[in-house]
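These are the residues of each chain, in order.
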Amino acid sequence: MAEAAAIQGTLPSPARRWLRRTASLAVAAPLLAGFLPGTPAPEATAAESTKGSGTVDVSLDTLSPSAPVEGDTVTITGTVTNEGKQAVTDATVDLRVGPRLSSRSEIDEVSGRRAYREGRDPAPLGGPYTVRIPRLGAGLSKEFTLSVPVSKLDLDEAGVYQLGVSLTGQTASQSYGRVLGIERTLLPFQPEATEKKTQLSYLWPLISTAHVSAETGADQQQTPVFENDDLAAELSPGGRLHEMVSLGKDLPVTWVIDPDLLASVTAMTEPYMIKNGTTEVQGRNQAVAERWLNDLEKAVKGRKVVALPFADPDLASLAHHGKDVPGSLSHLQQATALASTTVETILHVKPSTDFAWPVDGAVDPSIMAVATSAGARNVIARSDSFRDDLSYTPTSARPIGGGTTAIVSDADLSTAFQGEMIRAENSTLAVQEFLAQSLAITLELPEDQRSIVVAPQRMPSTAQAQAMAKGLQSLAAKRWTEPVDLQAAATQSDPDASKRVPGGSAYPKKLRAQELNSAAFREMKATRDQLDDFQVILTFPDRVVPPFTNAISREMSTSWRGEAPSAALYRKEVQDYLHSLTQEVQLIEKSDLTLSGRSATIPVTVQNRLLQGVDHLVLKLKSSNKTRLKLDDDSGEAARPVKIDGGHSQSVKFDASANANGPVTMTAQLYTEDGTPYGEPMTFTVKVSEITPTVMLVIAGGVLLLVLAGVRMYSARKRAAARNAEAEATEEDAEAEGEEPGAAAPSEDTDPEQPSDPTPDTGSESGDPSGPGEKVDR
């Protein structure tokens, strides 16, 4: 380095030059103040130096290599944009290398600084490592490239250095050169591998939102119905989940997987339907799903996989609002048990299921209790929740008693790639800070090896995943870190690290405001209760119970944070669909009946419109007045078992006996065998009309009259037939004797001018008694 400085001749070390300038200013300021009364105080000078430093935006788009070694050349590309209203002239883009930063807090301070500060920011490197821009018009941009050999940076020793790029120029209103814009980043420099490398466990999450509804098709395969086809976009090339698998397969990471995602993608590999308003359309992305699953299976082969409980339930919401609602914690246990089976069946690897991951690693005693109630022995927390009062970064694992270990991830490393990473500048700055923080951790206690866990955001975007991958790829040389899986990170601990779980009051208010409330968990309980009542009557409950159980798990998902209206809508759709299925087994409305006589049979019809049979149902019929109308001998209530095949109805009959006249209200209700009411009751009225001896005599007399009327009608028809036959015989005789057909000899009582009476029509003959003076044929 000294030789390089000597050859250069005019360029001393940037760090030394910065120190000299600071010292010179400190010594000269009082003297100048005495001889130049118009010179402002140092504070005023510093304030003036920041004025206008935001006129030009300096963007650092690439920095390569991210962690240079001796012999490398550092190349920075970027863009300067004039955001002011005046043109900038005689501008130069300069590289400024600051002194070595000695702690993580100094790194944070540099990363958070925006404006230029005279005396605090290092001097420009100058010389050939400057880009000149004669003129930059208002609103215009210009790209630049700076390339500097590492040997010219005069990096004295291993560590993290501030690297700044500034634009110095002048405008029409201020004709002297000043810094109009600056951007800072960090340069980790560790040319040789450290003796004790920091063990780094990086979680690589495969988690998505809820995509599958509780509905399934009526076919034998139970075709799943998806809420939308958004999952296909995530799985397709360029999509978020596609990028996570494509990048993760070559990275030393621990896969953290939501089994619901695997189950949903597996469902897509077969025929599936998508909701489209009030109808459903056929999904067409089976090939995309199959390809993604195949790629994932290859990526995780031989790797450590952690399976979260099915659908990634929100542990904090459960702890703060759901644990007191019966059944909520038991459902979490079911989701945990389902996790291992799902992952092993689909990916053919045995996952670890003893890890719990609360949102953002924020914990309190109630969250720890809920997490461990489902069998988790390791809870992934974060250092901004589980705080330490140490001068260094301790190992992540903290045994907190009861066989439970808090795995405290590093907050700065875990949040390094949050925010918008589409802009190249944001990604570049994030990668540099990630590398700088990890090197600073190693250099805090270079003689001790520690284990650090990085737990990034649950659902990284495509750009965030790419930035995360670039950061991990930059550590591939293993000069100060070495990768380990999460299981290994849970085995080491630091006796000086805090083991006290933060109290409930320390839980972030912002996170608490996003939680599912108690009403949401009560709605889930109502759905579970209804499902329990429904499944006991089904001959094939496996066609109904798993889809709804999984849907209830999805209702608890962490993905609903900040999406309260969508979460409420999903819960309502699940509950409404279950209710519609239960109504497929129902009583058919019955009209009022009239009961004449002392005994009769009352039918009640039960309809089953399901595609499977129902059993273990009991139909009860109850009389509101057993004195007037009894059921089953002396009882006012009767019960009959009900068993109906799918798509059929059954008429259930009850014996009834009457003792007195009058209306009686009857109530029919279905029950499960344990006595739980099923569906809504149905009521109808039976009008009882008792039959007395006098009424019987009247009825008998009426029957006799009907019989006599029938005999009379029969006799009349017989006589009419005989007269017709006689008339026909007479006509035949007349024809034989040469008379006109149809002519008849007039009788002595008949008027020759009057035609004969028409033939009687026996079809309309009445059996009523004859009127006065009417001639009746006998």
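Up top is the structure.
Note that this is a predicted model, so its numbers are computed, not measured.

(A) Structural view of the sheet that holds strand β13 (residues 279-282). Here we have four strands laid out as an open sheet, ordered β9-β10-β12-β13, and mixed in their pairing. Bordering the open sheet on either side are β9 (212-216) and β13, each of which pairs with just one other strand. Strand-to-strand twist in this sheet, taken as the mean axis angle between neighbours without regard to direction, amounts to 40 degrees. Judged from the two bridges that link them, strand β10 (residues 224-226) and strand β12 (residues 273-276) form a sheet pairing that is parallel. In the strand pairing of β12, V225 is matched with M273. Along the sheet, helix α20 (residues 564-582) contacts β9 and β12; its crossing angle with β9, the most-contacted strand, is approximately 10 degrees.

(B) The layout of surface pockets, seen in detail. Within this model, the second largest pocket holds a volume of roughly 560 Å³. Together, 21 residues line the second largest pocket, and Q222, P224, A263, A267 and N550 are the ones closest to its centre. Sorting the residues of the lining of the second largest pocket by element identifies β9, α8 (259-268), α11 (328-347) and α19 (545-555) as the ones contributing at least two each. Of the residues assigned to the lining of the second largest pocket, the class counts are nine nonpolar, nine polar and three charged.

(C) The arrangement of unusual backbone geometry in detail. For the bond from S64 to P65, the omega torsion is -5 degrees, close enough to zero to count as cis. Relative to the assigned elements, P65 resides in the loop between β1 (56-64) and β2 (73-82). Here the phi dihedral of Q222 falls at roughly 50 degrees; this positive angle occurs in a residue that is not glycine. With respect to the element layout, Q222 can be found in the loop between β9 and β10.

(D) Just the packing of aromatic side chains, in detail. Considering all chains together, one arrives at six aromatic pairs under this definition. With 6.3 Å between their ring centres and 50 degrees between their planes, Y202 and W204 make a pair best called tilted. The exposure classification of Y202 matches that of W204, with both residues buried. Both rings, one in W560 and one in Y570, keep their centres 5.6 Å apart while their planes meet at 40 degrees; by these two values the pair is tilted. Here the residue W560 occupies a position in the loop between α19 and α20, and Y570 occupies one in helix α20, the gap between them amounting to 10 residues. Both residues of the pair, W560 and Y570, belong to the buried class. Among the aromatic side chains, those forming a connected cluster through ring pairs are Y202, W204, F417 and F434. Its end group placed over the ring of F684, K590 keeps NZ or CZ at 6.0 Å from the ring centre.

(E) How the structure looks around the pairing of strand β18 (residues 404-409). Counting buried positions along β18 gives six out of six residues, so the element sits mostly inside the fold. Side chains T404, A406 and V408 of β18 all project onto a buried face; the interleaved residues T405, I407 and S409 project onto the opposite face, where all are buried too. Relative to β18, strand β16 (residues 378-382) runs parallel, the two sharing five bridges. Counted as the bridge partner of N378 is T405 from β18. Taken together, the four bridges between strand β17 (residues 397-401) and β18 define a ladder with antiparallel strand orientation. Considered in β18, the bridge of P399 is made with T405.

(F) Representation of the pattern of salt bridges in the model. If you walk through the whole model with that rule in mind, you get 26 salt bridges. Of the charged contacts in the structure, one is a salt bridge between E109 and R120, with a shortest N-O distance of 3.1 Å. One end of the pair, E109, is in helix α4 (residues 104-112); the other, R120, is in the loop between α4 and β4 (130-136), with 11 residues separating them in the sequence. Given the relative accessible area of 47%, R120 is considered partly exposed. In this structure, R398 engages D388 in a salt bridge whose closest nitrogen and oxygen atoms are separated by 2.7 Å. Remark: D388 occurs in the loop between β16 and β17 and R398 occurs in strand β17; sequence separation between them is 10 residues. On the basis of relative accessibility, which here comes to 2%, the residue R398 falls in the buried class. Bridged by salt links that share partners, the residues E109, R113, R120, D121 and R184 form one connected network.

(G) Highlighting the sheet that holds strand β28 (residues 662-672). The five strands are arranged β22-β29-β28-β24-β26 in an open sheet whose pairing can be described as mixed. The strands lining the two open edges of the sheet, one partner per strand, are β22 (593-596) and β26 (637-644). Within the sheet, the average angular offset between the axes of one strand and its neighbour, ignoring direction, is 30 degrees. Of the strand pairs in this sheet, strand β24 (residues 614-623) and β26 are connected by seven bridges, and their pairing is antiparallel. Looking at the pairing, V614 lines up with I644 of β26.

Cut-offs used in this document
- Residues numbered from 1 in each chain as written.
- Predicted model: local features only at pLDDT ≥ 70, side-chain atom pairs only at ≥ 80, totals over all residues.
- Heavy atoms only, no water.
- Pairing = 2+ DSSP bridges.
- Helix = DSSP H or I, 4+ residues; strand = E, 2+ residues; numbered from the N terminus.
- Axes fitted to C-alpha atoms, helices over the stretch in contact; angles between N-to-C directions.
- Contact = heavy atoms within 4.5 Å.
- 1 Å grid on protein atoms, 1.4 Å probe; cavity = no way out; pocket = protein on both sides within 12 Å on 5 of 7 lines; lining within 4 Å.
- Points joined across faces, edges and corners; volume = space filled by probe spheres on them.
- Nonpolar A, V, L, I, M, F, W, Y, C, P; charged D, E, K, R; others polar.
- Phe/Tyr/Trp six-rings, centres within 6.5 Å; stacked < 30°, edge-to-face > 60°.
- Buried < 20%, exposed > 50% of the residue type's maximum accessible area, 1.4 Å probe, protein only.
- Lys NZ or Arg CZ within 6 Å of the ring centre and 35° of its normal.
- Salt bridge = Lys/Arg side-chain N within 4 Å of Asp/Glu carboxyl O.

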